[in-house]
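# Observations on the model geometry
As a plain string of letters, each chain reads:
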Amino acid sequence: QPLGALVSDGRSLVDPKMPKRRREETDPPTGQPKAEPAPPAEGGATFVDTPDQLTTGDGQESSLKISSWNVDGLRAWVKKNGLEWVGLESPDVLCLQEIKCTEKQVPAAMKEMVDYPHQYWSSSRSKEGYSGVAILCKAEPLNVTYGIGVEEHDGEGRLITVELEKCFVVTVYVPNSGRGLVRLDYRQTWDQALREYLEGLQSQKPLVLCGDLNVAHNDIDLKNPKTNRKSAGFTPQERQGLDQLLGLGLVDTFRHLHPGLPHAYTFWTYMGNCRAKNVGWRLDYLLLSQSLLPRLCDSKIRSTIMGSDHCPVTLLLAL
């Protein structure tokens with residue numbers, strides 16, 4: 001497929017993490033963190049982040065906020081005022097993916113955040129400046145584990161689990177199938193191992209899984225599905241992998257609340273001015289165990305927040 005066609009679909013030919021160039025944040029809309037207002041998209045394909053719903057359907061008030069963001073390089077993200085957004089959003093648990101640094105390389109401004117004294121970092125041991133995830137908590141969790149316990153999959157720093165009183169919170173950066181789908185076979189092996197790991201967790205208590213799953217689940221979850229059937233992130237195998245993940249009794253919270261809402265994306269390649277046109281993919285998810293569904297208040301896509309080729313997503317629970 002010609003490069004131009006791929007760019008117009010909002011997906012680059014390579015692993016979709018391109019060199020950084022990002023506009024800075026500007027004044028926030030009322031009651032929302034600082035953000036650059038979303039520019040008008042072509043063809044009216046806009047998405048609006050509506051005000052947060054702070055109670056469940058039966059009136060229980062939100063008491064746990066979890067935010068997740070693929071920052072596409074932590075050190076660059078900090079320079080783009082990422083920490084300012086964290087302070088304004090103020091999640092109880094902050095999950096980050098693709099930090100691309102070791103714990104020793106984490107900027108001092110982040111290590112010294114007084115609201116987040118409990119910080120857990122996992123970086124790639126096999127390749128410097130690649131992958132990596134983190135979880136930052138306001139309150140100390142009961143337990144923390146790194147990886148899924150399978151050496152084949154734990155060398156790239158892709159998963160951390162924290163145990164809270166009423167649930168596990170798992171952050172994950174799922175492997176990209178890559179240019180020419182060169183890692184698709186490995187991706188399928190990873191997906192199976194992840195399912196087995198999560199199944200074990202769910203046997204103990206409910207869980208929240210958040211992060212970059214590197215797959216658009218259905219046609220509604222990307223701008224141009226027809227031209228991307230064989231693209232990394234939208235192959236039948238990857239989509240089936242997410243089907244099987246949800247088959248464990250997990251719920252895609254955003255789609256549960258907004259089953260038919262179009263143009264809701266979390267990733268835009270830097271190429272082709274795709275973010276301004278809202279030519280994107282929904283790759284970042286907030287999944288939870290079915291038993292937690294009555295505690296769901298809201299699931300948000302903070303689409304106006306700049307600083308990465310992904311935007312943050314936020315989950316509000318009454319726990």
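The present account deals with the structure reproduced in this document. Model, not experiment: these values are computed from the prediction.

On a plain count of helices and strands, the chain comes out with 9 helices and 12 strands. Here the chain, with 319 residues, has 57% of them falling under the buried criterion. Long-range pairs, those at least 24 residues apart, make up 73% of the contacts in the chain with a sequence separation of at least 6. Surface summary for the chain: the accessible area is close to 13,100 Å², and the carbon and sulfur share equals 52%.

Bringing the packing of aromatic side chains into the picture now. Summed over all chains, the structure comprises 4 aromatic pairs. Taking the centre distance of 5.2 Å and the plane angle of 75° together, the rings of tryptophan 69 and tryptophan 85 count as edge-to-face. With tryptophan 69 in strand β1 (residues 64-70) and tryptophan 85 in helix α3 (residues 82-89), the pair connects residues that are 16 residues apart, well separated along the chain. Each member of the pair, tryptophan 69 as well as tryptophan 85, carries the same accessibility label: buried. Every member of this aromatic cluster is reached through a ring pair, and the members are Trp69, Trp77 and Trp85. Residue placement shows lysine 127 over the ring face of tyrosine 130; its charged tip is 4.7 Å from the ring centre. Across the ring face of phenylalanine 168, the terminal group of lysine 205 is positioned such that the distance to the ring centre comes to 5.7 Å.

Quick look at the environment of valine 86 now. Residue placement: valine 86 occurs in helix α3. For valine 86, a relative accessible area of 0% corresponds to the buried category. Once the C-alpha coordinates of valine 86 and proline 312 are considered, the two residues, 226 residues apart in sequence, prove to be 10.0 Å apart. Setting aside residues up to four positions removed in sequence, valine 86 forms contacts with Trp77, Pro91, Leu94, Met113 and Tyr116.

This paragraph deals with the sheet that holds strand β3 (residues 118-122). The strand order across the open sheet formed by 6 strands is β3-β4-β2-β1-β12-β11, and the pairing between neighbours is mixed. The open sheet has two edge strands with one neighbour each: β3 and β11 (296-301). Taking each pair of neighbouring strands and ignoring which way they run, the sheet shows an average axis angle of 10°. By the bridge criterion, 5 bridges tie β1 to strand β12 (residues 313-317) in an arrangement that is antiparallel. Its bridge partner lying in β12, leucine 64 is registered against leucine 317. Set on the sheet, α3 makes contact with β1, β2 (93-97) and β12; between it and β1 the angle comes to about 160°.

Here the focus is the pattern of salt bridges. Inspection of the entire model under this criterion finds 20 salt bridges. One salt bridge connects aspartate 49 with lysine 300, and the closest N-O pair in it is separated by 3.3 Å. Of this pair, aspartate 49 sits in the loop between α1 (3-8) and β1 while lysine 300 sits in strand β11, and the two are 251 residues apart along the sequence. You can call lysine 300 buried: its relative accessible area is 4%. In this structure, the salt-bridge partner of arginine 282 is aspartate 252, at a minimum N-O distance of 2.7 Å. Here aspartate 252 lies in strand β9 (residues 250-252) and arginine 282 lies in the loop between α9 (274-277) and β10 (284-289), a separation of 30 residues in the sequence.

Parameters at a glance
Residues numbered from 1 in each chain as written. Predicted model: local features only at pLDDT ≥ 70, side-chain atom pairs only at ≥ 80, totals over all residues. Heavy atoms only, no water. Helix = DSSP H or I, 4+ residues; strand = E, 2+ residues; numbered from the N terminus. Buried < 20%, exposed > 50% of the residue type's maximum accessible area, 1.4 Å probe, protein only. Contact = heavy atoms within 4.5 Å. Areas by Shrake-Rupley, 256 points an atom, 1.4 Å probe, with all protein chains shown as cover. Phe/Tyr/Trp six-rings, centres within 6.5 Å; stacked < 30°, edge-to-face > 60°. Lys NZ or Arg CZ within 6 Å of the ring centre and 35° of its normal. Pairing = 2+ DSSP bridges. Axes fitted to C-alpha atoms, helices over the stretch in contact; angles between N-to-C directions. Salt bridge = Lys/Arg side-chain N within 4 Å of Asp/Glu carboxyl O.

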